[in-house]
Amino acid sequence: MSDEHKTNKETLASLGRLADALKDLDDKSPSGQLSHWRLPAAGPTKPKRQDDDDSCGNDDDGNDAHPRSSTPREVHDGYQLLTDGASLVSATSTKYTLVSKISLSDSTNLAAELLQGCQLLATGALILHSPAAGCARSTRHYVKRAARAVVATVTNLITAFVSGEVAEDNHEQLAAQKCGSVWSACDAIVGGKDAFGKPIRNVIPKGNRNAMRRDLLVFGGECNETYEEFREVIEMGAMDADEEKERANGDDVAEMGGWDEFGGAAGHQYTAKELPLATAALALIKCSRGSINATLKACECAGDEVEKNDETDDEAQALRRRAVLSWIDKLHDMAHTVGEGVTEVGCLLYPPLKTTDDLMEQVENQKDAILGLTELILDATPTAGAIEGGDSATTAQGIIPMSDEVTDLA
């Protein structure tokens, strides 16, 4: 084996270990204690707030920041390493691609630089996943996904050259495609503007507020899609007796050319017996959407309360801040359960309903999740877990002010 192939394969082995380490990062468990709401700015800036996030997070996820001193250093360091690593990988990938097309042996140092960049951003991801950083599950999820994407695309780029696939006659554009994938993965972390001067879309949301907001907007969009899909089916009404008999015999599937053309709910109806259950499930999906919208607004109200008690030396206010952050974390976790439950209900709602037991069980679970979520919003009283009795506990556990819109939605 030539030296250049050996060096590149060692780099690939290191990238593989790095990918395994990133895969094992925990982005599912609750944080335990959020450390911040908005991401702090690097220096004094005018507070910026945009309530109409576009779910891609480009404007809202960038400098949506307040200059707060209470955010742990780990948050600053983690995002800085993540950005530095992605910037190094993006710049080096172009040079690696151009040099490797001429001589693979001359690009071994560049492969090492790509590995170094991946190690930097992986370290940033690891820091942001640490308990000391106090990042929400949504924040950790987007960081982990972005870091894994960069490592995966870099691995694919180097593999394409080491395997000789790039040199094959029918793969002239492969190197450019692999390099472009690396750029896209890095852009999702670094952000900025593209070659046409337009803001890069689908940048990872930075900070707890933006990441949690992105999650809630995604769940809200999925609720809308699920609701509209099944609303159209229900509006078709129940099938008549002859159609119901044909479906029982499987004739309708055969006449439509098999399951590929059958198309599930898009081309079929519920029976008269199934329709009431489907209608009730659809109403529950609509309630789920409303509760997620209420959560979105309630988090903003609670976030305002956090910022009122931020950057202070007063112990009671600091305790209040931590208690409200814990309440936000719990609220978002419950909304996450509601959002996932909509997917589960939707999967079981496609006609024909072969059994109603599973659907009824999921509907019951979804009902309980929605009630728990709305009760938490209406109560709006954080629990000061580790806070002992006295005036400090009373201050920390006071009701969080909610807007009339939140109360109406809940």
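Everything that follows concerns the structure shown earlier in this document.
So, a few notes on the structure that sits alongside this text.

What counts as what
Residues numbered from 1 in each chain as written. Predicted model: local features only at pLDDT ≥ 70, side-chain atom pairs only at ≥ 80, totals over all residues. Heavy atoms only, no water. Helix = DSSP H or I, 4+ residues; strand = E, 2+ residues; numbered from the N terminus. Buried < 20%, exposed > 50% of the residue type's maximum accessible area, 1.4 Å probe, protein only. Contact = heavy atoms within 4.5 Å. Areas by Shrake-Rupley, 256 points an atom, 1.4 Å probe, with all protein chains shown as cover. Disulfide = S-S within 2.5 Å. Core = buried A, V, L, I, M, F, W, Y, C linked by side-chain atoms within 4.5 Å. Patch = residues over 30% accessible without salt bridge, like charges linked within 9 Å, V, L, I, M, F, W, Y side chains within 5 Å. Salt bridge = Lys/Arg side-chain N within 4 Å of Asp/Glu carboxyl O. Lys, Arg positive; Asp, Glu negative; His and termini not counted. Charge placed at Lys NZ, Arg CZ, Asp CG, Glu CD.

Further remarks concern the overall build of the protein chain. Check the secondary structure of the protein chain and you find 14 helices and two strands. Within the protein chain, buried positions represent 47% of all 410 residues. Long-range contacts, defined here as pairs at least 24 residues apart, represent 79% of the contacts in the protein chain between residues at least 6 apart. Accessible surface, the protein chain as shown: approximately 19900 Å² in total, 50% of it carbon and sulfur.

Here we come to the state of the cysteines. Taken as a whole and judged by the stated rule, the model has zero disulfides. The closest cysteine sulfur to the non-disulfide-bonded Cys 186 is located on Cys 118, 7.6 Å from its own sulfur.

A word on the nonpolar core. In globular proteins that are soluble, nonpolar side chains generally tend to be buried together. Counting 49 residues, the largest nonpolar core has Tyr 270, Trp 327, Ile 328, Leu 331, Leu 349 and Met 402 as the members making the most contacts within it. When contributions to this core are tallied by element, the ones reaching two or more residues are α6 (208–235), α10 (275–308), α11 (315–348) and α12 (357–379). With 15 residues, α10 is the largest single contributor of residues to this core. Each residue touching Leu 349, except ones within four places of it in the same chain, is listed here: Phe 230, Tyr 270, Ala 278, Ala 281, Ile 285 and Leu 359. Membership of the second largest hydrophobic core comes to 45 residues, among which are Val 75, Phe 161, Ala 175 and Ala 211.

Where like charges cluster on the molecular surface, the negative patch consists of Glu 222, Glu 225, Glu 229 and Glu 232. Examined against the element boundaries, Glu 222 turns out to sit in helix α6.

For the rest of this paragraph, the subject is the pattern of salt bridges. Counted under the stated rule, the structure contains twelve salt bridges. For Arg 209, the salt bridge identified is with Glu 300, shortest N-O distance 3.0 Å. Of this pair, Arg 209 sits in helix α6 while Glu 300 sits in helix α10, and the two are 91 residues apart along the sequence. For Arg 209, a relative accessible area of 1% translates into the label buried. Overall, Glu 300 belongs to the buried group, its relative accessible area being 7%. For Lys 367, the salt bridge goes to Asp 368, with nearest N and O atoms at 4.0 Å. Judged by its relative accessible area of 34%, Lys 367 is partly exposed. Given the relative accessible area of 42%, Asp 368 is considered partly exposed. In this structure, a network of salt bridges that share partners links the residues Arg 209, Arg 213 and Glu 300.

Checked against the element boundaries, Pro 205 lands in the loop between α5 (174–190) and α6. Take Pro 205: its relative accessible area is 1%, and that puts it in the buried class. Between the C-alpha atom of Pro 205 and that of Thr 139, which follows or precedes it by 66 residues, the distance is 7.4 Å.

Here the focus is the environment of Ala 211. Here Ala 211 lies in helix α6. The class for Ala 211 is buried, based on a relative accessible area of 0%. Separated by 69 residues in sequence, Ala 211 and Tyr 142 have C-alpha atoms that sit 7.4 Å apart.

No statement about biological role is implied by the geometric values presented.
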